[in-house]
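Per-entry structural report
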Amino acid sequence: MTSKKSKLPLRERVKREWNRNAIVYIFLIPVLGHFIIFQIYPFLLSFYLTFMDWKVIGDPEFVGLKHWKYFLSDTLAWKAIWNTVKFSVYYIVPTMALGLILALIINSGVKSARFFKGVFFLPVVTSFVIIAGIWGWLFRGTEAGMINYLLSFVGIEPQLFLANSSQALAVLAGLSIFKVAGSTMIYYFAGLQSIDRQLYEAAQIDGASAFKIFWTITFPLLKPIHFYVAITTTIGSFQIFDSAYLLTGGGPNYATTTIVYYLYEQGFTSLNLSYAAVLSYVLFFIILVISLIQRKYLGQESNNY
Amino acid sequence: MKKVISYIALIVLGFCFLLPFLIMILGSFKDVQFAQLDPLFWIPDHPTMKNYLYIMRDGMFIRWIFNSVVITVIPVASQMIFCAVLGYIFAKKQFPGRETVFWIFMAVIMIPQQLLIIPKFIMFSNFGWINTYWALIVPELWGIMGVFLVRQFLQNIPNDLEEAAYIDGANDIQIFFKVILPLSVPVVATVGTFSFISNWNDLFQPLIYLTQEKMFPVTLGLASMLGKEGNFGIEMAGSTVSFIPTFLIFLFFQRYFTEGIQMSGLK
């Protein structure tokens, strides 16, 4: 094919290539330009910024590793990382468990499964601002708060929730669990549907209990999904910002200052853009490590491409 | 017995998931200060439209909705077009550098958007894009994830159709519009619905690039209301209005959301 074409005059070859691939050149070139301007260039600029002192006004000044060194000694940054890790602990397993439970119910042959699938998925498409507005009211730290009202029935004293530094992060995790469980459900639902029915039939003939079938067949066969969901949920948890911004403003006493919240505060409240760039690279490295772990254990088959 | 447990769980969990939305809608008809609100929200004693009238009164809320529409509709339309064409290119066309470019695209997905926000803020300040729609529209005109979804979808479609059209003398652009695009309607709809939700609900980018209240999208407007209005009913009325477009999109395109989630994750 190629050798035949190369015998043709250049103009003819260009014309043929254009006829064959016009759409590639018309669309790909502007998109590549856009990609370089809005993805590649900012990525590199951000790295450059970490070595500069960039105050919004005036020329940037080279300061070498100053901001990176400061990061190593910045106890608040480490607290933000620790808070984010804690948030993940509160968030990952419950999200997976709830997602799996929802998928199991939907998959159990109940009527109007489609309707309930929609109900469970609804928070996924709803903005954090709306859910946070309601959540803030549910978890009001007064006796008139709905959750406190419910707790009073089981004899628990009113809690401060968002104003209590040991509870606030867990309340925010609860909001995220509610918001995300629906998409976890979709993954598990797809996984459940791909399990061979014959396995269940064989187990039933052997007289295994529903509980035993779950632990010996369903749960282990969902392993790739457990892993995938765990990784994506972990990556998501490291990027958490909206709920902390909306409900606690990083407080009380920095208890809900997550990495991204701290990055936002440093960059756009204190205008330490260079230091915020350092923090964004720290976030990038954490996410990169998690993604590489995913690659290593999942191989090509469940990879992103 | 198993069925009974399933139904009980379904109803209890379904109620828990709908409760916040019930609180929002019923709350929007209550005229009451945040501090005085009864925990038993669902008894609508004196339903009132006051909150809705209040948010519509000064026109600011309507402006926020309008801003949201602008920064959502344009990127959604553009994403659908560009992701359809690029997905087709990467799935079906042969051209030098195809694999390399796609590999770079996929590697860039791993960069968290929060990393780009600081350099983009600096760039947009230089462009004069702060407090304009440009900052929120131009970067969102196409998306790597959408390209990936369309490519995945088209790779599973046999090449015979295209080849038949080539033999009939159709060119690239004709083939794209007459053969590929009609086939890709579901995946392009998926790209559109995802793009709608992420743009309509985005809080982080508007928060960085916008400081003037009249430029706010409805998310940021609501967030500013959460801070300053002490009135739960007004907040909930605002939330309800901003929720309606999301809900309608969800209602009509639910299938595409779940398909998109599955396609982007496991295959």
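Residues numbered from 1 in each chain as written. Chains lettered and ligands numbered in written order. Predicted model: local features only at pLDDT ≥ 70, side-chain atom pairs only at ≥ 80, totals over all residues. Heavy atoms only, no water.

Here is the rule: UniProt positions are given in the numbering used here, feature names are shortened, and annotations may be inferred rather than shown by experiment.
Chain B is annotated in an unreviewed UniProt entry as Carbohydrate ABC transporter permease from Sporosarcina psychrophila. Recorded in UniProt under Subcellular location (unreviewed entry), the annotation for chain B is "Cell membrane".

The name an unreviewed UniProt entry gives chain A is Sugar ABC transporter permease, with Sporosarcina psychrophila as the organism. The Sequence similarities (unreviewed entry) comment attached to chain A in UniProt states, word for word, "Belongs to the binding-protein-dependent transport system permease family." Quoted straight from UniProt, the Subcellular location (unreviewed entry) entry for chain A says "Cell membrane".

Here we look at the overall build of chain B
What counts, and what does not: Secondary structure follows DSSP: runs of H or I at least 4 residues long count as helices, runs of E at least 2 residues long count as strands, and numbering of each begins at the N terminus. The buried label goes to any residue with under 20% of its type's maximum accessible area, the exposed label to any with over 50%, and the partly exposed label to all in between, with areas taken from a 1.4 Å probe on protein chains only. All accessibility values rest on the Shrake-Rupley procedure with a 1.4 Å probe; residue burial counts only the protein chains present in the view.
Assigned secondary structure in chain B consists of 13 helices and zero strands. If you list the helices and strands of chain B from N to C, you get α-α-α-α-α-α-α-α-α-α-α-α-α. Over its C-alpha atoms, taken along the principal directions, chain B stretches across nearly 70 × 65 × 30 Å. Residue burial in chain B is summarised as follows: out of 267 residues, 56% are buried. When the accessible surface of chain B is split by element, carbon and sulfur atoms take 69% of a total near 11,700 Å².

Notes on the overall build of chain A
Basically, it comes down to this: Here the radius of gyration uses the C-alpha set of atoms, whereas the globule reference equals 2.2 Å times the residue count to the power 0.38. Any two residues having at least one pair of non-hydrogen atoms within 4.5 Å are treated as being in contact. A positive count includes Lys and Arg, and a negative count includes Asp and Glu. His and the chain ends are not counted in either. Throughout, a charge is located at the NZ atom of Lys, the CZ atom of Arg, the CG atom of Asp or the CD atom of Glu.
If you tally the helices and strands in chain A, you get 14 helices and two strands. The C-alpha atoms of chain A give a radius of gyration of 26 Å, which is well past the 19 Å a tight globule of 305 residues would have. Along the first, second and third principal axes, the C-alpha set of chain A runs to 85 × 65 × 30 Å. In chain A, which comprises 305 residues, the share counted as buried stands at 51%. Contacts in chain A between residues at least 24 apart in sequence constitute 64% of all its contacts with a sequence separation of at least 6. Accessible surface for chain A amounts to roughly 14,700 Å². Of this, 65% is attributable to carbon and sulfur atoms. Treating the 23 positive side-chain charges of chain A as one cloud and the 14 negative ones as another, the clouds have centres 13 Å apart.

Concerning the UniProt feature "domain: ABC transmembrane type-1" (unreviewed entry) in chain A
Following the UniProt record, one finds the feature "domain: ABC transmembrane type-1" (unreviewed entry) at residues 81-294 of chain A. Along residues 81-294 of chain A one finds 75% helix and 0% strand; the C-alpha atoms at either end are 21 Å apart.

Quick look at the environment of Arg255(B)
In this fold, Arg255(B) is placed in helix α13 (residues 232-265). Here the alpha-carbon distance between Arg255(B) and Ala189(B), two residues 66 residues apart in the chain, equals 9.8 Å.

What to know about the packing of aromatic side chains
Residues and elements named next belong to chain A. As a reminder of what qualifies: Pairing of aromatic rings covers Phe, Tyr and Trp, the last counted by its six-membered ring, and requires centre-to-centre distances within 6.5 Å; plane angles under 30 degrees mean stacked, over 60 mean edge-to-face, and any other angle means tilted. Counting as a charge over the ring demands two things of the Lys NZ or Arg CZ atom: a distance within 6 Å of the ring centre and an angle within 35 degrees of the ring normal.
Within this structure, the stated rule accounts for 57 aromatic pairs over all chains. Look at Phe-139 and Phe-161: their rings are 5.0 Å apart centre to centre, the planes differ by 90°, and that puts the pair in the edge-to-face class. Linking Phe-139 in the loop between α6 (128-138) and α7 (146-153) with Phe-161 in the loop between α7 and α8 (168-193), this pair joins segments that are 22 residues apart in sequence. Here Phe-139 matches Phe-161 in class, with each residue buried. Taking 5.7 Å as the distance between ring centres and 45° as the angle between the ring planes, the aromatic pair formed by Phe-284 and Phe-285 counts as tilted. Judged by relative accessible area, which is 39%, Phe-285 ranks as partly exposed. Over the ring of Phe-128 we find Lys-179, and its NZ or CZ is 5.0 Å from the ring centre.

Describing the interface of chain A and chain B
Filter applied, for reference: The term buried area denotes the loss of accessible surface (1.4 Å probe radius) that occurs when two parts are joined, taken as the sum for both partners. Whenever Lys or Arg places a side-chain nitrogen within 4 Å of a carboxyl oxygen from Asp or Glu, that contact is recorded as a salt bridge. Throughout this description, a polar contact denotes any pair of N or O atoms lying within 3.5 Å of each other; where both atoms belong to protein, one of them has to be capable of donating a hydrogen while the other can accept it, and for residues adjacent in sequence the pair is counted only when both atoms sit in side chains.
In this complex, chain A contributes 90 residues to the contact, which on the side of chain B involves 94 residues. Contact between chain A and chain B buries roughly 8,500 Å² in total, counting both sides, with carbon and sulfur atoms accounting for 80%. Put simply, chain A and chain B have zero salt bridges between them. Between the two partners, chain A and chain B, sit six residue pairs in polar contact (both at pLDDT 80 or more). Ranked by residues supplied to the side of chain A that touches chain B, first place goes to helix α2 (residues 10-49) of chain A with 24 residues.

Here we look at the UniProt feature "transmembrane region" (unreviewed entry) in chain A
Residues and elements named next belong to chain A. Using the residue numbers shown here, the UniProt feature "transmembrane region" (unreviewed entry) corresponds to residues 21-44, 88-106, 118-138, 169-190 and 273-293. The annotated region residues 21-44 carries 100% helix and 0% strand content, and the separation between its end C-alpha atoms amounts to 32 Å. Measuring from the first to the last C-alpha atom of residues 169-190 gives 31 Å, for a span that is 100% helix and 0% strand.

Some details on helix α7 (residues 144-155) of chain B
Residues and elements named next belong to chain B. Formally: Here, expected helix span is obtained from the residue count minus one, scaled by 1.5 Å.
With twelve residues, α7 extends 16 Å from end C-alpha to end C-alpha; this agrees with the ideal 16 Å at 1.5 Å per step. In terms of burial, α7 is a largely internal element, nine of the twelve residues being buried. Listing the buried residues of α7 in full gives Ile-144, Gly-146, Val-147, Phe-148, Leu-149, Val-150, Arg-151, Gln-152 and Leu-154.

A word on unusual backbone geometry
Residue and element names in this part refer to chain A. In this model, Ser-112 sits at a positive phi of 50°, which is unusual for a non-glycine residue. Counting through the fold element by element, Ser-112 comes out in the loop between α4 (75-106) and α5 (113-125). On the basis of relative accessible area, Ser-112 is assigned to the partly exposed category, the value being 44%.

Here we look at the UniProt feature "transmembrane region" (unreviewed entry) in chain B
Residues and elements named next belong to chain B. Within this structure's numbering, the places UniProt gives as "transmembrane region" (unreviewed entry) are residues 7-29, 64-89, 101-122, 134-154, 175-197 and 232-253. For the annotated span residues 101-122, helix accounts for 82% and strand for 0% of the residues, and the straight-line distance between the end C-alpha atoms is 27 Å. For residues 134-154, the helix share is 71%, the strand share is 0%, and the end-to-end C-alpha distance is 32 Å.

Observations regarding a nonpolar patch on the surface
For clarity, the threshold we go by: Residues enter patches when their relative accessible area tops 30% and they take part in no salt bridge; the joining distance is 9 Å for like charges and 5 Å for the nonpolar side chains Val, Leu, Ile, Met, Phe, Trp and Tyr.
Together, Ile244(B), Phe247(B), Leu248(B), Leu251(B), Phe252(B) and Phe253(B) make up a nonpolar patch on the protein surface, roughly 570 Å² of accessible area in all. Within the secondary structure, Ile244(B) sits in helix α13.

A word on the nonpolar core
Here is the rule we go by: Put simply, a nonpolar core is a bunch of buried Ala, Val, Leu, Ile, Met, Phe, Trp, Tyr and Cys residues held in one set by side-chain atoms that sit within 4.5 Å of each other.
Phe120(A), Phe61(B) and Phe90(B) are the most contacted members of the largest nonpolar core, which totals 182 residues. Setting aside residues up to four positions removed in sequence, Phe61(B) forms contacts with Ile55(B), Met56(B), Val218(B), Leu222(B), Met225(B), Gly238(B) and Val241(B).

Regarding the packing of α2(A) against helix α3 (residues 60-92) of chain B
Rule in force here: Angular values range over 0 to 180 degrees, each being the angle between N-to-C directions of two axes fitted as lines to C-alpha atoms, with helices fitted over their stretch in contact. Under this scheme an angle from 65 to 115 degrees is roughly perpendicular, one under 35 degrees roughly parallel, and one over 145 degrees roughly antiparallel; angles in between are oblique. Put simply, a crossing is left-handed when the front helix is turned counterclockwise from the back one by less than a right angle, and right-handed when it is turned clockwise.
Their axes nearest at 10 Å, the elements α2(A) and α3(B) cross at an angle of 120°. One finds that α2(A) runs oblique with respect to α3(B). Where α2(A) crosses over α3(B), the two elements pack in a sense that is left-handed. Within the contact between the two elements, α2(A) uses Ile23(A), Val24(A), Phe27(A), Leu28(A) and Val31(A) and α3(B) uses Ile81(B), Phe82(B), Val85(B), Leu86(B), Tyr88(B), Ile89(B) and Phe90(B).

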